[in-house]
Amino acid sequence: MNLTRNPLFKAIPYLCLFISGTASLVYQLIWIRQLTLVFGGTLFAISAVLCAFMTGLALGSWGIVRFLNWQKQRGRGIHPILLYGILEGLIGLYGLGFPLGLKLLEQIYPLALAGAVESGTFLHIIEFLLSALLMLPPTLLMGATLPLIGSWCIGEKSDRIFSRMSLLYSLNTFGAVFGCLYTQLFAIEYFGIRATNWSAVAMNALVFILCWAWQREMQVEEPEASPPPVHNGKGKTNLEKDKAPTRFLSILLLFIFIYSGMVSLSSEILWTRVLVFPMGSTLYSFALILATFLFSIALGSLIAEKLLGNSRWILKFLLIELGIGIIAIGILPLLEQIPEWTAQADILFYDLENTAGKTLLVRSLFAFGLMFLPTLGFGMLFPLANRIHLSLFGSVTGTLGKSYAFNTLGAVLGTFLTPFVFIPLFGIRLSLFIIYAVLILLSAGALALHLGGRPFRFAVSGSLALILIYGGYSWSQPAVSTQRLGEHNLARMEVNVSREQMRLLDYKEGDFTTLSVVEDVKSGARTLYVNGFSTATVSESIGGSAYMQAMGFVPMALHPNPKRALVVCFGTGNTLGTVSLFPGVEVDGVEIDRNVLSFAKWFSRWNHDVLDRPNTRIFVQDGRTFTRWTKSSYDVITLEPMSPVQAGVVNLYSKEFYEQALDRLNPGGLMMQWLPLHLVGSDDAKAIIKTFQEVFPHTSVWNSFLTRIVLLVGSRQAVELDKQRFDDLMRVPKLLESARQMGVYSFLDLTDFFLTDGERLKPYLQGAPVITDDHPLLEFSPVTLLPPLKWQTDESFINLLRFRVDQKPPVTGLSPIEEERLLNDFATRTAQRFSVFSRRYHGPGEDAFALKNYRAGMEAMRIYMDGKKDAPISLKDAKWGD
């Protein structure tokens, strides 16, 4: 049987291109994730890694041209498909050895730090160079693959370049779409990081085997004959319709193509900064955004030839560039509706009838609605650009490699300029307007030059472009305004709260996040929003910021004499401020976003002007990176990150991070971790506690004023609350005031924060998974698509509270009489906590609790819990509810 005549056999190289696109995206996502664990998740570190990755792609596409020309001059060489397979095989081998290279980099990086962990220009240069050193070999090979298979497919038949590159680029990019969805929505969750990397290695190996078998069967590959030229009836073929552009026009067209590469990457970053408001900052959301962006480009490339025909390429290239600019500016007014649409998305998100599928659908619609049309145009440009640059680069091979290289270098430029120049100077919407306005001007000028270059045409073209730009500015009004909530800004509007009730105090579209401070004009409560997520709310009422103060007060009170403390994540500064009040302590604060610090002034009444306190140092750095690489050691470490299920935050909840934190603790030191039950599912909460217990020999669970916030304490030795130390602390006026704000008026009030010793939780946690860097389970939590309901949060809490029954709190410094009285009062407080849930959900002892007969109510509750044995309490149990 002659396989060479089989259409499926002939399609093998195209299938391989799809697979290699998949593998490349898998590597990109996995390697960037792994490198952020070394360099941190700061904007600078991520940008350095991305720039290094794309620089390798650009150099690889340029280098393959030189290699193929050298091979051609020799008159012999490796068949392109076999060479393509070899390159893929080498990528796979490197992917297999990447973990070893990563370990070597981990040995080199501390030498570059030299003890200075804070983010800085020199450090970012080092991060770029180390990233490039590690990723350059495989990315050089990746960058070579598309031009290589393109040169085989097209040969030197220039009439094929548009149609074939339209197909090849789309296949490769569709593979990248699949790689994005496969990695982010499936592989990491079920396989883990390492196994996902191995799966990409397997893809490379498959491509190598297929290419080797294909070439062996074909022996000598003969390109298909070029289709006969189609005459236009005037004696000219389609290939003769476009005159070769002048050299100046050719260079201008290349510059526009480079600029388009920059604009496309800049747009992706800017659109993502907008879309996190209605879509959230979860891994699923970022996966949908990236997949939508790539899918639109792939589809645009696929339909380019069928939609545009096979002539007048320069004219169509410039018209598409103009169309992209006009459409992108035209949709800017839609961004004005983002705050309102975000509120509507929240209503759906929290609706009792919502499903995970609905959430994914709505988020996908947001991504498609904003990005689809412009990115469809970007996809059409790539095959067109390869055709029109043929006259500049002289050969098909040179055109394919160099066009790809220049466009990718434009993307590198966009990756750098957008967060560090455009957004800080202009904001998000104005940056979008400016980059597309420049695209319109460049395209209009090139169009006038292409159509003859006469002064009149330049004048008309320039005037029309300026009219479009001026009209677009008036139409879109892209400048930022902070006069009113949600008007010309992306400040978050809460559901069922009128704009008149909320006042926008401050707003900043920073290089890393979009920040806002909103005040309730009635209550005076102030909320800090980061990318639309409510990170903290403070007010003058008791308990208004209790958990943030408790994150500082409880661990500092538990330690007998803390001298050095570390607070990871600044937020409003309340936790750091509370820690800094303790006598004789030196405090290091770590915050990943420098702009957050500038908002501390709005919370000075609660954070005690902590940035101006002499015993406080602030480091702008990723908390995980700082903890890993700092030379300092601490008596107390406390942290309050963003929601544990947001993308990247899991790095502060993994076993490896807790091991790093334990290494930073002095003898007798302790760590406190924030566990927000209202932001995670029941299984997530158990996994977090189980992971915490895997590292710290002694653990305990504490609870602030709000039942939905749980505090985990870990240490090498058991910790106790000392009555004498508490009394001494209450003689410090500022600490006394802070305690009152938490509702702590006595030693009993502070003791009431204690829920249970970690040892008692072990039967409840049996079977719970451990969160690791390899298995970042929290990012795939169901609550990223369906938030926990109030009863589910209460159920998580009551399953921790149950272990407090008949448990003695860890206290010392009391006389026997004082201890007996405290234990009786503590038991009453326990009963009062149970009574809240019993009456709320009509549970055991409800009638007795309603009469404040706590003894009888707790007896009924004990009987119920004894019947459950080790089984968790379910508020859907027959003993609860009507």
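Attention now goes to the overall build of the protein chain. A count of helices and strands for the protein chain gives 31 helices and 14 strands. For the protein chain, whose C-alpha radius of gyration is 31 Å, the value lies close to the compact-globule estimate of 29 Å for 882 residues. Its C-alpha atoms give the protein chain principal-axis dimensions of about 110 × 65 × 60 Å. For the protein chain, the proportion of its 882 residues judged to be buried stands at 60%. Sequence separation of 24 or more characterises 78% of the internal contacts of the protein chain that already satisfy a separation of 6 or more. Working note: accessible area of the protein chain is about 35300 Å², and carbon and sulfur atoms make up 61% of it. Computed over 75 positive and 71 negative side-chain charges, the inter-centroid distance for the protein chain is 8 Å.

Turning next to the confidence of the model for the protein chain. On average, residues of the protein chain carry a pLDDT of 89, and 95% of them reach 70 or more. Under a pLDDT of 50 for its full length, residues 220–240 has, in the predicted model, 25 contacts with residues more than four places off or in other chains.

Running from N to C, helix H15 (residues 428–450) and helix H16 (residues 455–476) cross one another at 165°; their axes reach a closest spacing of 8 Å. Relative to H16, the element H15 lies roughly antiparallel. Seen along the crossing, H15 lies across H16 with a hand that is right-handed. For the pair H15 and H16, the contacting residues are Arg429, Leu430, Phe433, Ala437, Ile440, Leu441, Ala444, Gly445, Ala448 and Leu449 in the first and Arg457, Phe458, Ser461, Ala465, Leu466, Ile469, Gly472, Tyr473 and Ser476 in the second. Class assignment of the residues belonging to the contact of H15 with H16 gives a composition of 13 nonpolar, four polar and two charged.

So, about the environment of Tyr745. Looking at the secondary structure, you find Tyr745 in the loop between helix H25 (733–741) and helix H26 (747–751). With a relative accessible area of 48%, Tyr745 lands in the partly exposed category. Between the C-alpha atoms of Tyr745 and Met730, which are 15 residues apart in sequence, the distance is 9.4 Å.

With that settled, consider the sheet that holds strand S3 (residues 526–530). If you trace the four strands from one edge of the open sheet to the other, you get S1-S2-S3-S4, paired in antiparallel fashion. Two strands in the sheet have a free side with no partner beyond their single neighbour: strand S1 (502–509) and strand S4 (533–538). Mean inter-strand twist for the sheet, computed between neighbouring axes without regard to direction, equals 20°. With five bridges joining them, strand S2 (residues 514–520) and S3 adopt antiparallel strand pairing. Residue pairing for S3: Ser516 is matched across the bridge by Tyr529.

Our next topic: the nonpolar core. Counting 154 residues, the largest nonpolar core has Phe39, Phe317, Ile435 and Tyr436 as its most contacted members. The biggest single contributor to this core is helix H2 (residues 12–39), with 16 residues. Discounting chain neighbours no more than four positions away, the residues touching Ile435 are Tyr259, Met262, Val263, Ser266, Ser267, Leu270 and Phe422. Listed in part, the 117 residues of the second largest apolar core include Leu597, Ala661, Leu679 and Met730.

On to the pairing of strand S5 (residues 564–568), then. Extensive coverage of S5 is indicated by the burial of four of its five residues. Relative to strand S6 (residues 586–591), S5 runs parallel, the two sharing five bridges. Each bridged residue has a counterpart across the sheet, and for Ala565 the counterpart in S6 is Val587. Considered for its hand, the β-α-β crossover made up of S5, helix H18 (residues 574–580) and S6 is right-handed. With four bridges connecting them, S5 and strand S8 (residues 634–639) associate as parallel partners.

Now for the packing of aromatic side chains. A full pass over the atoms with the stated rule returns 39 aromatic pairs. Consider the rings of Trp341 and Phe366, whose centres lie 6.5 Å apart with planes at 50°: the pair is tilted. With a gap of 25 residues between them, Trp341 in helix H11 (residues 338–349) and Phe366 in helix H12 (residues 356–388) connect regions that are remote in the sequence. Its guanidinium or amino end placed over the ring of Trp313, Arg387 lies 4.1 Å from that ring's centre, counting from NZ or CZ.

Nonpolar side chains collect at one region of the surface, where Leu90, Leu93, Leu96 and Trp198 lie side by side and expose about 430 Å² of accessible area between them. Relative to the helices and strands, Leu93 resides in helix H4 (residues 80–113). Residue classification places Leu93 among the exposed positions, given a relative accessible area of 57%.

Attention now goes to unusual backbone geometry. Even without glycine at this site, Asn531 takes up a positive phi of about 50°. One can find Asn531 in the loop between S3 and S4. Positioned with a positive phi, Asp806 is a non-glycine residue whose angle comes to about 60°. Along the chain, the position of Asp806 falls in the loop between helix H28 (790–801) and strand S14 (811–812).

Counting through the fold element by element, Leu485 comes out in the loop between H16 and S1. Sequence spacing of Leu485 and Glu500 is 15 residues, and the spatial spacing of their C-alpha atoms is 8.7 Å.

An α-helical turn contains 3.6 residues, so any two residues separated by three or four positions project in the same direction. For helix H10 (residues 313–330), with 18 residues, the first-to-last C-alpha span of 25 Å sits near the 26 Å given by 1.5 Å per residue. Buried residues of H10: Trp313, Ile314, Phe317, Leu318, Ile320, Glu321, Leu322, Ile324, Gly325, Ala328 and Ile329, and no others. Lining the buried residues of H10 we find helix H6 (161–191), helix H8 (247–279), helix H9 (283–308), H12, H15 and H16.

Counting buried positions along S6 gives five out of six residues, so the element sits mostly inside the fold. When S6 meets strand S7 (residues 616–620), the two strands line up parallel, connected through five bridges. The residue bridging Val587 from the neighbouring strand is Thr616, located in S7.

Right, let's talk about the sheet that holds strand S13 (residues 754–757) for a bit. Strand order across the open sheet formed by eight strands is S7-S6-S5-S8-S9-S11-S10-S13, with mixed pairing between neighbours. Where the open sheet ends on each side, the last strands, each with one partner, are S7 and S13. The mean angle between the axes of side-by-side strands here comes to 20°, regardless of whether they run parallel or antiparallel. Note that strand S10 (residues 698–703) and S13 share three bridges and pair antiparallel. The partner of Val701 across the bridge, within S13, is Thr756. Running at roughly 60° to S13, H28 makes contact with S10, strand S11 (709–715) and S13 of the sheet.

This paragraph deals with the packing of helix H23 (residues 682–695) against helix H27 (residues 758–765). The description of two helices packed together rests on the angle between their axes and the distance between the axes. Relative to each other, H23 and H27 sit at 130°, their axes nearing to 11 Å. Accordingly, the angle class assigned to the pair H23 and H27 is oblique. Crossing of H23 over H27 shows left-handed handedness. Contact residues: H23 offers Ser682, Lys686, Ile689, Lys690 and Gln693, while H27 offers Gly758, Glu759, Leu761, Lys762, Tyr764 and Leu765. Residues belonging to the contact of H23 with H27 are distributed by class as follows: four nonpolar, three polar and four charged.

Summed over all chains, the structure comprises 23 salt bridges. Between Arg624 and Asp773 there is a salt bridge, with its nearest N and O atoms 2.6 Å apart. In this pair, Arg624 is assigned in helix H21 (residues 623–629) and Asp773 in the loop between H27 and H28, connecting sequence segments 149 residues apart. Arg624 gets classed as buried once you look at its relative accessible area, which sits at 2%. Arg804 serves as the salt-bridge partner of Asp752, at 2.6 Å between the closest nitrogen and oxygen. You can see Asp752 sitting in the loop between H26 and S13 and its partner Arg804 sitting in the loop between H28 and S14, a full 52 residues away along the chain. Each of the two residues, Asp752 as well as Arg804, counts as buried. Look at the salt bridges and you will find they share partners, linking Asp749, Asp752, Arg804, Arg829 and Arg833 into a network.

Analysis parameters
Residues numbered from 1 in each chain as written. Predicted model: local features only at pLDDT ≥ 70, side-chain atom pairs only at ≥ 80, totals over all residues. Heavy atoms only, no water. Helix = DSSP H or I, 4+ residues; strand = E, 2+ residues; numbered from the N terminus. Rg over C-alpha atoms; globule rule 2.2 N^0.38 Å. Buried < 20%, exposed > 50% of the residue type's maximum accessible area, 1.4 Å probe, protein only. Contact = heavy atoms within 4.5 Å. Areas by Shrake-Rupley, 256 points an atom, 1.4 Å probe, with all protein chains shown as cover. Lys, Arg positive; Asp, Glu negative; His and termini not counted. Charge placed at Lys NZ, Arg CZ, Asp CG, Glu CD. pLDDT = per-residue confidence, 0-100. Axes fitted to C-alpha atoms, helices over the stretch in contact; angles between N-to-C directions. Parallel < 35°, antiparallel > 145°, perpendicular 65-115°, else oblique. Left-handed = near helix turned anticlockwise from the far one by under 90°. Nonpolar A, V, L, I, M, F, W, Y, C, P; charged D, E, K, R; others polar. Pairing = 2+ DSSP bridges. Core = buried A, V, L, I, M, F, W, Y, C linked by side-chain atoms within 4.5 Å. Right-handed = clockwise from strand over helix to strand, strands pointing away. Phe/Tyr/Trp six-rings, centres within 6.5 Å; stacked < 30°, edge-to-face > 60°. Lys NZ or Arg CZ within 6 Å of the ring centre and 35° of its normal. Patch = residues over 30% accessible without salt bridge, like charges linked within 9 Å, V, L, I, M, F, W, Y side chains within 5 Å. Salt bridge = Lys/Arg side-chain N within 4 Å of Asp/Glu carboxyl O. Expected span 1.5 Å × (residues − 1).

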